[in-house]
Amino acid sequence: MAHFSGADEVMLQAMLRQLFQSVKEKITGAPSLECAEEILLHLEETDENFHNYEFVKYLRQHICNTLGSMIEEEMEKWMSDQNQDEESGYDTVVQHVTKRTQESKEYKEMMHSLKNIMMVVVESMINKFEEDDVRSQESQKKIQKEKSNSYCTDNCSDSDSSFSQSYKFCQGKLQLILDQLDPGQPKEVRYEALQTLCSAPPSDVLNCENWTTLCEKLTMSLSDPDPVFSDRILKFYAQTFTLSPLHMTKEIYTSLAKYLKLYFLSKENHIPTLSTGIDVNNPTVICLLKKVRLLNEYQKEAPSSWIRHPEKYMEEIVENTLSLLSVKHDPSHLVSQKILDPIYFFALVDTKAVWFKKWMHAHYSRTAVLRLLEKKYKSLITTAVQQCVQYFELCEAMKADEILGHSKHCGNKQKTFYYSGQELQYIYFIHSLCLLGSLLIYTQGRRLFPIKLKNRKDLVSLTDLVVLFTQLIYYSPNCPKMTSAAHLDNYSPASMVTEVLQMLCDQKECAVECLYNSTVIEALLQPVHNLMKGTKTPPNCSETALILIADILARIASVEEGLTLLLYGENMNSSEEKSSTGAHIIAQFSKKLLDEDISIFSGSEMLPVVKGAFISVCRQIYGTCEGLQVLSPYSLHESIAKAWKKTSLQSERTPTPVKCSESVSSISQESQNIMAWEENLLDDLLNFAATPKGLLFLQRTGAINECVTFMFNRYAKNLQISRHKKSGYGALVTQVASTAAGSVVLKSSGFINALITELWTNLECARDDVRVTHPRSTPVDPIDRSCQKSFLGLVNLLPYPAVYELVGNRDLPNKAEYSLREVPTCVIDIIDRLMILNSEAKIRSLFNYEQSHIFGLRDFIIDGLSVERNHVLVRINFIGGPMERILPPRVLQKGDDPYPWPMFSSYPLPNCYLSEVTKNADLKQDNDLGKLLLRFKISDKQTEWIENCRKQFCKMMKAKPDIISGSALPELLEKFVLHLSESPAECYFPLVEYTAIDANVKNESLSSVQQLGIKMTVRYGKFLNLLKDSAENDLTLVLKHCERFLKQQQVPIKSSLLCLQGSYAGHDWFVSSLFMIMFGDKEKTFRFLQQFSRLLTSAFLWLPRLHISRYLPTDTIESGIHPIYFCSAHYIEMLLKVEVPLVFSAFHMSGFAPSQICLQWITQCFWNYLDWIEICHYIATCVLLGPDYQVYICIAIFKHLQQDILQHTQTQDLQVFLKEEALHGFRVSDYFEYMEILEHNYRPVVLRDMLNVQST
């Protein structure tokens, strides 16, 4: 203030004048002071010259001079306080500095100073304004006298500000207007009074004391026969609705609604009847429609503001509206002579009942509407239902050409200005339909049902109403046929009903109550039933109707409850199947369409669209494990593949359009239709890959290459998989990558190449969309966050079968020099450039070495990378379960010694990583198990012995699970398998003679993978005190005998897949496990395996057992897909969805498939995931109780891991967690009772499919 001079005051006054002059038009157009303040507060957002105003420049400079240095200090302090590995966004910095600045002493002093300065400047400007005003008063007096009889000129703007006019409009003027509006006054006087009223600010008019009287006068004047006078009143009403708050507009709305109610109830007014229809050229009708439309327009706008006002205002509007719409005239003897009710006129101006939809949207108004409907105005709902019923009865009774007039205007752009009685009935039907649809999606709205109708004995329930809607689709007339679903947005009854049903489908709670029952499904499928049986269908059941029905069915099938209903019907056990359920009917009909076994639509242009619509329903079903299980007998994959091949040939034969040819457009359209149909079929085939067994079916069609290429093309264009598909590409890609053939196809399609290129770009160049406010220090995380998504995508694509196909038998490039522009394009390149950095050339080739280097060797510097590398090296060099090995942490600890663990850089492994508890474990045989074995002597009743043994095993697993270990376990397994192998009923595979001795196989060689597995097995066995030093040679001989033994049962096959060229590609972890159970006794081990190979369980526990086996169908062998995947993993996913739904959802959210991790667990016999005793229990349980227990154990594991899985889904590292972490705390015995429940519920289905593995 000390530096504020007179010159500064004059300068600021000039700045403010410039600002006000520039925004004068915006402020004077404001209807109220509050609006003017809002305009000034948001001036920066609306005025592009805001920063050019001198006053704004002055304020900016003042703030900079006062607070600039403090703001800079705060920013520097904020940045220096941040951890090096954190990325603080720009918005975060701004918020922090702004908050600190506003809390500072300097800011408060500046604001106080500015306030004092501006008060002086503004006060001076006000004083000057008053002086100028006094000088101008004399000149204004003369003008005011001349205009004493006119209060506002005609050229005043309707929206003129009350700032300059409120002082002119007083109570006397309003009283004068009231007198002039009297019907006895001359026409000109009334016009002038109304013009004056319309020109005045509505807020000033409504705030006058005589407003209530004026409102009554205006309502009376609405009946004036002069249309011009009535129009001016409506103009005033419209201005009030637009510019006034709710408590004012409520009075206008109420008066207009009451007027219309009285108008319709008065017998003096000539209201049209149904027989005469409505001629909108009639002046009386025009005037009435304008009033109705004005009311309706306000109905649609009011919900946006009434929550800010007392509830009584809103309730009064709702009450008057429902009261008006419920007006009914006395019923006439003849329907045609019925006087039209208000609802007909509202339907005419708002056919889709948008006003009701908006009123029902917000809970605030919905509560009032539903309460009033239930207590006082339920007749409004009753008449709406009655109108739908009457329209259906009309459609059902009359021929299509006779009722086409009801909806002929739906596609007619040249509509006349006359609506016949039939058209009015149809418009009212559409309004009723939309109103009911908006009502049914809410719980309280559905509670208004059932409804009692006149001349109808039974009540109309929700189900009855939805069935009625459904029947209208194929009983009502249709508009001209359209080739695209995008053109179905019209007022035809079928499309309108479909819109309502779609809306119901999208609300889950509503769909469960209204749609998910057998009665509705039967109604939807009725025309399909008739077409399949060849019986008469409704006259209007066209291709369009079938397409609309299919769309509703697809929406039902996309939700779990709806899918269950289609698969099993109501009150049916999920393990049962019934050919009459919706899914079976849809599949049968789709197959007939594909096979062109239905002649009714033969040659129709719409036939491919109908096919596509119903296959889309099937796709929702067979895209799930349980759905595929139900539909598999129909071999839809074969029918779709056949149709695709036929279409593909057609597209190749389509002639090339010739220039200047008249047929160019027709050929081009035909070509586009064929291409669209071909892509649709490929998409249908691709969705089989959503499940393990479905992927086998897709592989058999021979179209997997084209399907994956199609998927990659859509992925590259960021297109959705399909309309109703909720998950993205991740789950599909993961399923495909779980098999050898799938990984090869992913590589050839470009998928893997694209992912690796993306990964390399993120590693070396970082992302372009990351805003950096300050330079980042060198990261200490092993994986940069910007690269994690790409790494996880690569992890999904690289299970062991894929790695073997993509990397097997290939050498690392190990180039002498790598160009900086050389980008990796395959998995082997990534391994060469990022993992095995064994040369200076590789290190120098990396732009960001510290970010890219994860697994490479370098000097020991304790940071995030070396800690991660040490963890990985310990993990891959020592086998053991969660209690058998100690893994070093993956993060540095706080304190003086952040990493006390020794670095593992050479053998042997430091002892600190070996568990003392396990090393000293005394695996003694328990006498209880020996007693069990003695209790059951070999007898003639082998079946009884087997069952008793199983019961005792279950009893011990629940009571004393640790008993089943040591030397008694191999004896139990030997005796049990011997009994089974001697029972023809228990033998699944035939007896195979084997006479080779050790000398015969001694010189045979094992793969390098097998040899490495032998060394790891012996090291683990010695650690557990189960094997001796000589065990390596014995295990080698056992594996060689197994290879020769199984080779006798294999068939030669020519394939490009590496996994099918020779023996089993991986290490035989089951044989290694059994060798350890038998304490390294090679004779016992191999003898057990020979007997065990005859049992069904061997097909699922011993993976090499069915490797290119003659017991499998040829197409299954050629696919390279093991029964473990298409059978066990398939049912694991199916049961997981039911038993642990949160985990199943977590997998889909992560873009990861449960089948992939289960395949890894089972393939390596849970080594590194479970402790040895739990591995023994897993094997013993499956051998004694059946192969389906393999599925139940995996479900139990997922149930055990539920919380961890949900947590890692949130942190977006679920794949890494499941693949790397052991199954901490899981014991087979803890979940034995749960697995018995699973057996009781699911064994009939699971075991049946396992028994059919030879024919699948």
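Residues numbered from 1 in each chain as written. Predicted model: local features only at pLDDT ≥ 70, side-chain atom pairs only at ≥ 80, totals over all residues. Heavy atoms only, no water.

Looking up the chain in an unreviewed UniProt entry gives the name Protein broad-minded, with the organism given as Suricata suricatta. The annotation that UniProt attaches to the chain under Function (unreviewed entry) is "Required for high-level Shh responses in the developing neural tube. Together with CDK20, controls the structure of the primary cilium by coordinating assembly of the ciliary membrane and axoneme, allowing GLI2 to be properly activated in response to Shh signaling." Turning to the chain, the UniProt record has this under Subunit (unreviewed entry): "Interacts with CDK20, which promotes CDK20 stability and function. Interacts with FAM149B1; may play a role in cilium assembly." (UniProt positions renumbered as here; feature names shortened; annotations may be inferred.)

1. Some details on the overall build of the chain
A tally of regular secondary structure across the chain gives 64 helices and two strands. Counting the 1256 residues in the chain, one finds 54% classified as buried. Contacts spanning at least 24 positions in sequence make up 75% of the contacts within the chain whose residues lie at least 6 apart. When the accessible surface of the chain is split by element, carbon and sulfur atoms take 52% of a total near 59,700 Å². (Helix = DSSP H or I, 4+ residues; strand = E, 2+ residues; numbered from the N terminus. Buried < 20%, exposed > 50% of the residue type's maximum accessible area, 1.4 Å probe, protein only. Contact = heavy atoms within 4.5 Å. Areas by Shrake-Rupley, 256 points an atom, 1.4 Å probe, with all protein chains shown as cover.)

2. Remarks on the pattern of salt bridges
Taken as a whole and judged by the stated rule, the model has 46 salt bridges. Between R371 and E315 there is a salt bridge; the shortest N-O distance is 2.7 Å. Here R371 is found in helix α19 (residues 363–375), whereas its partner E315 is found in helix α16 (residues 311–325), with 56 residues between them in sequence. A relative accessible area of 29% places R371 in the partly exposed class. E315 sits in the partly exposed class, given a relative accessible area of 24%. (Salt bridge = Lys/Arg side-chain N within 4 Å of Asp/Glu carboxyl O.)

3. Concerning helix α57 (residues 1123–1139)
Taking 1.5 Å per residue, 17 residues should reach 24 Å; α57 reaches 23 Å between its end C-alpha atoms and fits that length. The largest bend in α57 amounts to roughly 25° and is located at A1129. In terms of burial, α57 is largely enclosed, as 15 of its 17 residues are buried. (Expected span 1.5 Å × (residues − 1). Bend = angle between axes of the 7 residues up to and from the residue.)

4. Some thoughts on the confidence of the model for the chain
Taken over all residues, the pLDDT of the chain has a mean of 83, while the share at 70 or more is 83%. When mean pLDDT is compared element by element in the chain, helix α61 (residues 1189–1200) scores highest at 98, while helix α8 (residues 162–165) scores lowest at 33. The low-confidence segment residues 851–858, where pLDDT is below 50, has 30 contacts with residues more than four positions distant or belonging to other chains. Below pLDDT 50 for its whole length, residues 919–925 participates in ten contacts with residues either more than four positions away or in separate chains. (pLDDT = per-residue confidence, 0-100.)

5. Side note on a negative patch on the surface
Judged by side-chain charge, E72, E73, E76, E106 and E109 come together as a negatively charged surface patch. Listing elements by their share of the negative patch, those giving two or more residues are α5 (54–81) and α7 (105–146). In terms of residue count, the dominant contributor to the negative patch is α5 (three residues). With respect to the secondary-structure elements, E72 resides in helix α5. (Patch = residues over 30% accessible without salt bridge, like charges linked within 9 Å, V, L, I, M, F, W, Y side chains within 5 Å. Lys, Arg positive; Asp, Glu negative; His and termini not counted. Charge placed at Lys NZ, Arg CZ, Asp CG, Glu CD.)

6. Side note on the nonpolar core
Counting residues in each nonpolar core, the largest one holds 359 residues, and the members touching the most others are L373, F449 and F469. Tallying contributions element by element places helix α22 (residues 421–440) first for this core, with twelve residues. L19, F50, F55 and M125 belong to the second-largest nonpolar core, a separate cluster that totals 18 residues. (Core = buried A, V, L, I, M, F, W, Y, C linked by side-chain atoms within 4.5 Å.)

7. Details of the packing of helix α13 (residues 227–243) against helix α14 (residues 246–265)
Taken N-terminus to C-terminus, the directions of α13 and α14 make an angle of 140°; their axes are 9 Å apart at the nearest point. Relative to α14, the element α13 lies oblique. Regarding α13 and α14, the two cross each other, and that crossing is left-handed. Contact with α13, carried on its side by F236, Y237, T240 and F241, involves T249, I252, Y253, S255 and L256 of α14 and no other residues of that element. Split by residue class, the contact of α13 with α14 holds six nonpolar, three polar and no charged. (Axes fitted to C-alpha atoms, helices over the stretch in contact; angles between N-to-C directions. Parallel < 35°, antiparallel > 145°, perpendicular 65-115°, else oblique. Left-handed = near helix turned anticlockwise from the far one by under 90°. Nonpolar A, V, L, I, M, F, W, Y, C, P; charged D, E, K, R; others polar.)

8. So, unusual backbone geometry
Note: most peptide bonds trans; most residues except glycine with negative phi. The residue after F449, namely P450, is reached through a cis peptide bond having omega 5°. Mapped onto the elements of the fold, P450 is located in the loop between α23 (443–446) and α24 (462–475). Although it is not a glycine, A353 adopts a positive phi angle of roughly 50°. The backbone phi angle of C1165 is positive, close to 55°, even though this residue is not glycine. Mapped onto the secondary structure, C1165 falls in the loop between α59 (1154–1163) and α60 (1172–1185).

9. Re the side chain of H1107
Along the chain, H1107 turns up in the loop between α55 (1098–1101) and α56 (1114–1119). A relative accessible area of 9% means that H1107 is categorised as buried. A distance of 2.9 Å separates the side chain of H1107 from the backbone oxygen of G1062, its partner in a polar contact. If near-sequence neighbours (up to four positions away) are discounted, H1107 is found in contact with Q1050, C1059, L1060, G1062, S1063 and Y1064. (Polar contact = N/O pair within 3.5 Å; in protein donor to acceptor, adjacent residues only side chain to side chain.)

10. Some words on the state of the cysteines
This structure, assessed with the given rule, holds zero disulfides. Of the cysteine sulfurs around C505, a residue in no disulfide, the closest is that of C510, at 8.5 Å. You can see C1158 has no disulfide; the closest cysteine sulfur is in C1194, sitting 4.3 Å from it. Overall, C1158 belongs to the buried group, its relative accessible area being 1%. (Disulfide = S-S within 2.5 Å.)

11. Topic: helix α58 (residues 1141–1150)
Taken as a whole, α58 has its buried residues at V1143, F1144, A1146, F1147 and S1150. The buried side chains of α58 occupy one side of the element, clustering within an arc of 160° when seen end-on. Where α58 is buried, its residues contact α57, α59, α61, α62 (1202–1210) and α63 (1214–1220). Residue G1151 follows α58 closely and has a positive phi angle near 70°. (Arc of directions from axis to C-beta.)

12. Some thoughts on the packing of aromatic side chains
Throughout the structure, instances matching the rule amount to 47 aromatic pairs. Their ring planes at 50° and their centres at 6.4 Å tell us that F236 and Y237 sit as a pair that is tilted. Like Y237, F236 is buried. The ring of F989 is capped by R1105, whose NZ or CZ atom sits 4.4 Å from the centre of that ring. Here the basic side chain of K1199 rests over the ring of Y1234, its NZ or CZ set 5.0 Å away from the ring centre. (Phe/Tyr/Trp six-rings, centres within 6.5 Å; stacked < 30°, edge-to-face > 60°. Lys NZ or Arg CZ within 6 Å of the ring centre and 35° of its normal.)

13. Overview of the packing of helix α53 (residues 1069–1077) against α60
Here α53 crosses α60 at 110°, and the two axes come no closer than 11 Å. Taken together, the axis directions place α53 and α60 in an arrangement best described as roughly perpendicular. Contacts from F1070, S1073, M1076 and I1077 in α53 reach W1172, I1175, C1176 and I1179 in α60. Residue classes in the contact of α53 with α60 are distributed as seven nonpolar, one polar and no charged.

14. Some thoughts on the environment of D226
Here D226 is to be found in the loop between α12 (211–221) and α13. Overall, D226 belongs to the buried group, its relative accessible area being 16%. Along the backbone, D226 and K187 are 39 residues apart, and their C-alpha atoms lie at a distance of 9.6 Å. If we ignore the near neighbours within four places in the chain, the residues touching D226 are K187 and Y191.

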